[in-house]
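# Coordinate inspection notes
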Amino acid sequence: MQKLRLKSVTLVSHAVLAAVIGLMPVLLIVDAALNKAWPVEKTVSWVFGCYVFAGLIGMVLSWKTKLPICGSHSVPAAVLLATALAPFSFEQAAGSYMLAGLCMLLLGLTGQFNKLVRWIPIEIVMAMFAGTMMRYALGIITITQEHVALGAAALAGYLLFFRFIPAVPAPLGAFFLGGAAAFCLGEAGLPAWGTWHLPAPAVPEFSWQGFVSLSIPIVLLVLGTEGIQGISGLQLGGFRPPVNRMVAVSGIGTMLAALFGGHSANTAGIMTTVCAGPEAGPAQERYKAALLAGVIMFVFGLMASVFIPWIVDLPRYVIHLFNGFALIPVLMSALKISFQQSRYMLSPFAAFVFSLSGVTLFGMNASFWALILGVTLLWLFERKKGEKAEAN
């Protein structure tokens, strides 16, 4: 009886941990929406689309396959959208997300995902992503310079969790201590909850600019980060991942999320890895952790109209600070894949620097041109060297 109770506690704790990892990036969505000065209703709709359908992916896939596959939205894509959304309306963005979902569905149905990875290596994608993320990390320094007590509290929370509670994501410590400091300093008030309601669907609008600037990068980021991480996590846990089905379901989820302005709803990377590991319990029971994590994500999405109005009312610098801490582990991982573990050097570096520049050319954002530059340099100068390194 005690052994059974211990298994249940272990499964529930890993489910909650996975859900926390999935919920923290909601601040990235809020930040991107605030950059566009969109009304709260559109932000609520965006969050609803991402989390409701991500939760459904986790619940349905884990139940049907009996594998610990979680659902989430793409953190890298949310980071990209903080700047890439600038020339697009809510409806145009929704149309671009829908096209991204259609591309993923076709890749899954045709089994072409592996070919895509060979043509555009993960090192290039992660270098582009790292360049996009870097401004959030730099923001920690500039915000702390102006709000010393707040920044110091958040940093202390991050370091305490990193050192003494390694099983829990360190950014959660920054949220707890930083949030307490913000409240005590009067920089964040008591929660002002909204009233519950379901958002209305968006009417997608389609354009080639949206397809090039948003759809293509989102496909690469979703499949090149969340997709590959989730597949690897399942393999490390001793499972055989249904790769094409996971890619296709990510496409369907993203198309459904797009109906409400959500940028993606896909199979998760880090969340799946958390639930698939041996620490989560017996192999045949681990799918229950992913199922419960999906329920939590789904309920949060349903309650978006209650939670989001309060988050939107937080000072922008508080949101930026927490986003910076939340992305530290992701940024370090992206830099490691781009450079330390990379078969290439010049092409990832060029993609990183160009993405970091934020330059827009011919109406296309820096992330798109970073991918073009990185892939071009790769095929012209480094492909053969990479193939030799892979063969050795």
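Just above sits the structure.
Residues numbered from 1 in each chain as written. Predicted model: local features only at pLDDT ≥ 70, side-chain atom pairs only at ≥ 80, totals over all residues. Heavy atoms only, no water.

### Here we look at the packing of aromatic side chains
Filter applied, for reference: Note on ring pairs: Phe, Tyr and Trp rings are taken, using the six-membered ring of Trp, and paired if centres are within 6.5 Å. Classes follow the plane angle, with under 30 degrees stacked, over 60 edge-to-face and the rest tilted. By definition, any uninterrupted DSSP run of H or I lasting at least four residues is a helix, any uninterrupted run of E lasting at least two residues is a strand, and each is numbered from the N terminus. Throughout this description, buried means an accessible area under 20% of the type-specific maximum (1.4 Å probe, protein chains only), exposed means over 50%, and partly exposed covers the range between. By definition here, charges over rings are those cases where NZ of Lys or CZ of Arg is within 6 Å of the ring centre and within 35 degrees of the ring normal.
Applying the stated criterion across every chain, the model contains eleven aromatic pairs. For the ring pair W38 and F90, a centre distance of 5.2 Å and an interplane angle of 85° mean the geometry is edge-to-face. In this pair, W38 is assigned in the loop between α2 (26-35) and α3 (40-65) and F90 in helix α5 (residues 90-110), connecting sequence segments 52 residues apart. The exposure classification of W38 matches that of F90, with both residues buried. Centre to centre, the rings of F339 and F352 are 6.1 Å apart; their planes meet at 90°, and the pair counts as edge-to-face. On the criterion of sequence distance, the pair formed by F339 in helix α16 (residues 328-340) and F352 in helix α17 (residues 346-357) is long-range, its members being 13 residues apart. Over the aromatic face of W63 sits the side chain of K66, whose NZ or CZ is 4.2 Å from the ring centroid. For the cation-ring pair, K66 lies above Y287, with the distance from its terminal atom to the ring centre recorded as 5.4 Å.

### Overview of the nonpolar core
Counted only if it meets this: Nonpolar core, defined: a set of buried Ala, Val, Leu, Ile, Met, Phe, Trp, Tyr and Cys residues in which side-chain atoms within 4.5 Å join the residues together.
Core analysis: the largest hydrophobic core is formed by 121 residues, its most contacted members being W46 and I308. Top element by residues in this core is helix α7 (residues 122-146). It accounts for 13 residues.

### Brief notes about the environment of A248
Definition in use: Contacts: residue pairs with any heavy atoms within 4.5 Å of one another.
Its location among the elements puts A248 in helix α11 (residues 243-258). Here A248 falls in the buried class, since its relative accessible area comes to 10%. Those residues in contact with A248 that sit more than four places away from it in its chain are M104, L105 and G108.

### Topic: the layout of surface pockets
To be explicit about the condition: Computed over the protein atoms alone on a 1 Å grid, cavities are sets of points where a 1.4 Å probe fits but cannot get out and pockets are open sets with protein on both sides within 12 Å along at least five of seven lines; a residue lines them when it has an atom within 4 Å of a point. Grid points are joined across faces, edges and corners, and a volume is the space filled by probe spheres set on the points. When residues are sorted by character, Ala, Val, Leu, Ile, Met, Phe, Trp, Tyr, Cys and Pro go into the nonpolar class, Asp, Glu, Lys and Arg into the charged class, and all the rest, Gly among them, into the polar class.
A volume near 1,100 Å³ is recorded for the largest pocket. Where the lining of the largest pocket is concerned, the elements lending two or more residues are α1 (2-23), α4 (75-84), α7, α8 (148-164), α9 (170-184), α10 (208-236), α12 (270-276) and α16. Broken down by element, the lining of the largest pocket gets its largest block of residues, seven residues, from α16. Residue composition of the lining of the largest pocket, grouped by class: 30 nonpolar, 13 polar and three charged. Within this model, the second largest pocket holds a volume of roughly 650 Å³. L27, F175, W310, I311 and F322 are the residues nearest the centre of the second largest pocket, which is lined by 21 residues in total. Of all the secondary-structure elements, those providing two or more residues to the lining of the second largest pocket are α1, α2, α9, α14 (304-312) and α15 (316-326).

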